[in-house]
Amino acid sequence: MFRSVRGLCKQVGEYGSFVTADYVVFALMLLVSAAVGVYFAWADRGQRSSGDFLMGGRRLTALPVSLSLTASFMSAITVLSNPVEVYRYGASIGLYGLSYVMMVVVTSEVFLPVFYRLAVTSTYEYLELRFNRATRLLGTALFIVQTILYTGIVIYAPALALNHVTGMDLWGAVISTGLVCTFYCTMGGLKAVVWTDVFQLGVMLAGFLSVIIRSVVLQGGVFPIISDSEEGGRLNFWDFDTNPLKRHTFWTITVGGTFVWVSIYGINQAQVQRYISCKSLTHARVSLYINLLGLWSILLCSVFAGMCLYSVYKHCDPWTAGLVSAPDQLMPYLVMDILGDYPGLPGLFVAAAYSGSLSTVSSSINALAAVTVEDLIKPHTHMSEKHLAWTSKGLSLAYGALCIAMAGLASLMGGILQAAISIFGIIGGPLLGLFALGILCPIANSKGALSGLVSGLVVSLWVGIGAQVYPPPAELTRPLPLTTDGCNFTITGGLNWTSTALPTQLIPITTAPAHNADSRPVLADNWYSLSYLYFSPIGTITAVGVGLIVMNHIKMLWTNNGCPLTLGFVLFPIEVMTRTGRLDLTKDREKEFGNTNPAFCDVELDLTRSSISHMK
């Protein structure tokens, strides 16, 4: 026996709709977010520098920064797509929890000390200090392009899914959220962004909990939901298959996921800008570790929400039955189905989804303004700090408008949306390789860095675009079976529809047309079928490998003064001894090895005070 939910008996294509209470809850979320911006604009009305606006004066504490770190990349795509991932492919994405641990350790011990001690506003300032200006500008340009593209999609994609199910006006939601986000970013700067992130993270958790609690009540408890998921094969955590072509295994999620999340938390401007705004290095480190608890909480809620989704619809899949037109609409459909009789709760879930969008968009706008001021304006002008602060506010306004316009463009992109999101992830790998070269390899120089970055981009885009054109077969993506055996509802027009014979195996959604097996190139069944989680490691490894190979005068490591510098890594600061005595890293470094690594040669390797001078 199984429970028949209300949605199984409604007409095909007939969804619930928002009532006044739902709109009130949604509007309240927007109002509170805007109010935070007004508060900090008033409280910090005396701020006179761009550093105050973009970095919060570097006086923030660990707790709000940690919650902001969690909210920044937990977008509406996470709220809507993670549960559907569990519904279709199983709960293996719960293993991201291990990736988060490794990401936090690597970020706090490798990348955080560098950026914090240099007191940079833009992470790409480091690239000029370490390599040259061309490297900095290329990194900045890549960041700006990918962030504007991704932010437009983050605004538009959830609005489209929610519009189809709840009836909420599509462009009204897009423009209102975009305007509110731009408003508080422009008015309050980083402080407003951080504190609205704290509020929005709470709304996201509340939205998840409303769905979970109602599902648990309907299904008779937590254990029936777990039991249904186990019977349906959704608890597929421990797949240790080492085949890199399989979409999700223990290794693809833990190894590939670590690279993806390190590229976000370790070097992405939106995240780095937060933890270097802390008032001390200790607060910055603590914020990362508290953030780990937040990431685990969101992951647990999204995975269990997906298990609830499967438990409720295990006998009648709304997507296969035609009740929704796309998988991303399944969570809004569930919300309207089980919470539709409780005015305000559907509005709470929609507010949760849009809170995810607001937190991501606000982080992006603030980060875009920061890199534009620091990398493109400051080096070429002599503006006062007061004028730079006003310029930062103007840039926040301009980028907000640009992101809303990008959402309009996203509406015309159709199937390219998924490809664009994939490309956004692909770009992070080569950039991670570039920063790894600078921080972990003191011997790397600017020519190697640029060559590595370009090579990593070419390779990762090659495999990523190939995977979109020639999507991997179902035996590698492995969607789990769904059924319509228990469907019993009325099609508009009065025909009663009951099915026990529809296909139980889903066909993977792709953004490319189907290809005949005979027309698929040889690479389609191996290279292009690589798990998408390995795109980032490929880009990183290629960038580092090519960078080291191209490096000029690499033989000088062993022939010049007999001094192997390869031990001068971040984790092993050492004193350097040469046959001729003192090693001066401030002379002729670019010619032979690249510029001095400013994070360590001037901090850990303080050669002017080392024992070398006493050992002559």
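Keep in mind the model is a prediction, meaning the values are calculated, not measured.

Student: Hey, could you go over the overall build of the chain for me, with residue numbers and the actual values?
Tutor: Helix and strand content of the chain: 21 helices and 2 strands. By residue count, 57% of the 616 residues in the chain fall in the buried class. Residue pairs in contact within the chain that sit at least 24 positions apart in sequence constitute 84% of those at least 6 positions apart. A total of about 23,900 Å² of accessible surface is found on the chain, and carbon and sulfur atoms cover 67% of it.

Student: Account for the nonpolar core, with residues named and values stated.
Tutor: By size, the foremost hydrophobic cluster in this structure holds 143 residues, and its most contacted members are Tyr-100, Phe-111, Phe-115, Trp-261, Tyr-275 and Tyr-354. In terms of residue count, the dominant contributor to this core is helix 8 (residues 170-219) (17 residues). Residues contacting Tyr-275, with those up to four places away along its chain left out, are Val-65, Leu-69, Thr-107, Leu-112, Phe-115, Tyr-116, Tyr-265, Gly-266, Ala-284, Ser-287 and Leu-288.

Student: Just give me the short version of unusual backbone geometry, but keep the residues and values in it.
Tutor: Phi at Ala-119 takes a positive value of approximately 55 degrees, unusual for a residue other than glycine. Assessed through its relative accessible area of 44%, Ala-119 is described here as partly exposed.

Student: Mind laying out a nonpolar patch on the surface, listing which residues take part and the relevant values?
Tutor: A cluster of nonpolar side chains, namely Val-101, Val-105, Tyr-289, Leu-293 and Trp-296, defines an oily patch on the protein surface of about 420 Å² accessible area. Mapped onto the nonpolar patch, the elements with two or more residues apiece are helix 5 (96-118) and helix 12 (281-312). Sort the elements by how many residues they give to the nonpolar patch and helix 12 lands first, with 3 residues.

Student: Let's hear about the packing of helix 8 against helix 9 (residues 222-231): which residues, and what values?
Tutor: Contact geometry of helix 8 with helix 9 gives a least axis separation of 7 Å together with a crossing angle of 85 degrees. With respect to their mutual orientation, helix 8 and helix 9 come out roughly perpendicular. Contact with helix 8, carried on its side by Ser-215, Val-216 and Gln-219, involves Val-222, Pro-224, Ile-225 and Asp-228 of helix 9 and no other residues of that element. For the contact of helix 8 with helix 9, a count of residues per class yields 4 nonpolar, 2 polar and 1 charged.

Student: A description of helix 13 (residues 330-339) should follow, citing residues and the corresponding values.
Tutor: Of all 10 residues in helix 13, 10 are buried, a share of seventy percent or more. For helix 13, the full list of buried residues reads Leu-330, Met-331, Pro-332, Tyr-333, Leu-334, Val-335, Met-336, Asp-337, Ile-338 and Leu-339. Summarising the contacts, the buried residues of helix 13 are in contact with helix 4 (76-89), helix 7 (133-166), helix 8, helix 12 and helix 14 (345-377).

Student: If you had to explain the packing of helix 5 against helix 12 to someone new, which residues and values would you point to?
Tutor: Across the interface, helix 5 lies against helix 12 with an axial gap of 10 Å and an inter-helix angle of 160 degrees. Relative to helix 12, the element helix 5 is oriented roughly antiparallel. Here helix 5 runs over helix 12; the crossing is right-handed. Class assignment for the residues of the contact of helix 5 with helix 12 results in 17 nonpolar, 4 polar and 3 charged.

Student: Just give me the short version of the packing of aromatic side chains, but keep the residues and values in it.
Tutor: Scanning the model with the defined rule gives 19 aromatic pairs in all. Aromatic side chains Trp-462 and Trp-527 sit 5.3 Å apart centroid to centroid with 50 degrees between the ring planes, which places their arrangement in the tilted category. One end of the pair, Trp-462, is in helix 17 (residues 446-469); the other, Trp-527, is in the loop between strand 2 (496-498) and helix 19 (535-550), and 65 residues separate them in sequence. Taking the relative accessible area as the measure of exposure, Trp-462 reaches 42% and is therefore partly exposed.

Student: Please give an account of the side chain of Ser-531 that cites residues and values.
Tutor: Position of Ser-531 relative to the elements: it lies in the loop between strand 2 and helix 19. Using a relative accessible area of 2% as the deciding quantity, one classes Ser-531 as buried. A distance of 2.8 Å separates the side chain of Ser-531 from the backbone oxygen of Arg-247, its partner in a polar contact. Ignoring any residue separated from it by four or fewer positions in sequence, one finds Ser-531 in contact with Pro-244, Leu-245, Lys-246, Arg-247 and Thr-252.

Student: Would you mind going over the environment of Ala-43 in detail, with residue names and values included?
Tutor: Summarising the element assignment, Ala-43 is placed in helix 1 (residues 20-43). Measuring from C-alpha to C-alpha, the distance between Ala-43 and Gly-188 comes to 8.9 Å, with 145 residues separating the pair along the chain.

Student: So, the pattern of salt bridges: which residues are in play, and what are the values?
Tutor: Summed over the entire model, instances satisfying the criterion amount to 10 salt bridges. With its nearest N and O atoms 2.5 Å apart, the salt bridge here joins Arg-136 to Glu-128. Notably, a salt bridge pairs Asp-241 with Lys-246, separated by 2.5 Å at the nearest N-O pair. By relative accessible area, Asp-241 is classed as partly exposed at 24%. Under the relative-accessibility criterion, Lys-246 is labelled buried at 18%. A single salt-bridge network, built from bridges that share partners, covers Glu-128, Arg-133, Arg-136 and Asp-375.

Definitions and cut-offs
- Residues numbered from 1 in each chain as written.
- Predicted model: local features only at pLDDT ≥ 70, side-chain atom pairs only at ≥ 80, totals over all residues.
- Heavy atoms only, no water.
- Helix = DSSP H or I, 4+ residues; strand = E, 2+ residues; numbered from the N terminus.
- Buried < 20%, exposed > 50% of the residue type's maximum accessible area, 1.4 Å probe, protein only.
- Contact = heavy atoms within 4.5 Å.
- Areas by Shrake-Rupley, 256 points an atom, 1.4 Å probe, with all protein chains shown as cover.
- Core = buried A, V, L, I, M, F, W, Y, C linked by side-chain atoms within 4.5 Å.
- Patch = residues over 30% accessible without salt bridge, like charges linked within 9 Å, V, L, I, M, F, W, Y side chains within 5 Å.
- Salt bridge = Lys/Arg side-chain N within 4 Å of Asp/Glu carboxyl O.
- Axes fitted to C-alpha atoms, helices over the stretch in contact; angles between N-to-C directions.
- Parallel < 35°, antiparallel > 145°, perpendicular 65-115°, else oblique.
- Nonpolar A, V, L, I, M, F, W, Y, C, P; charged D, E, K, R; others polar.
- Left-handed = near helix turned anticlockwise from the far one by under 90°.
- Phe/Tyr/Trp six-rings, centres within 6.5 Å; stacked < 30°, edge-to-face > 60°.
- Polar contact = N/O pair within 3.5 Å; in protein donor to acceptor, adjacent residues only side chain to side chain.

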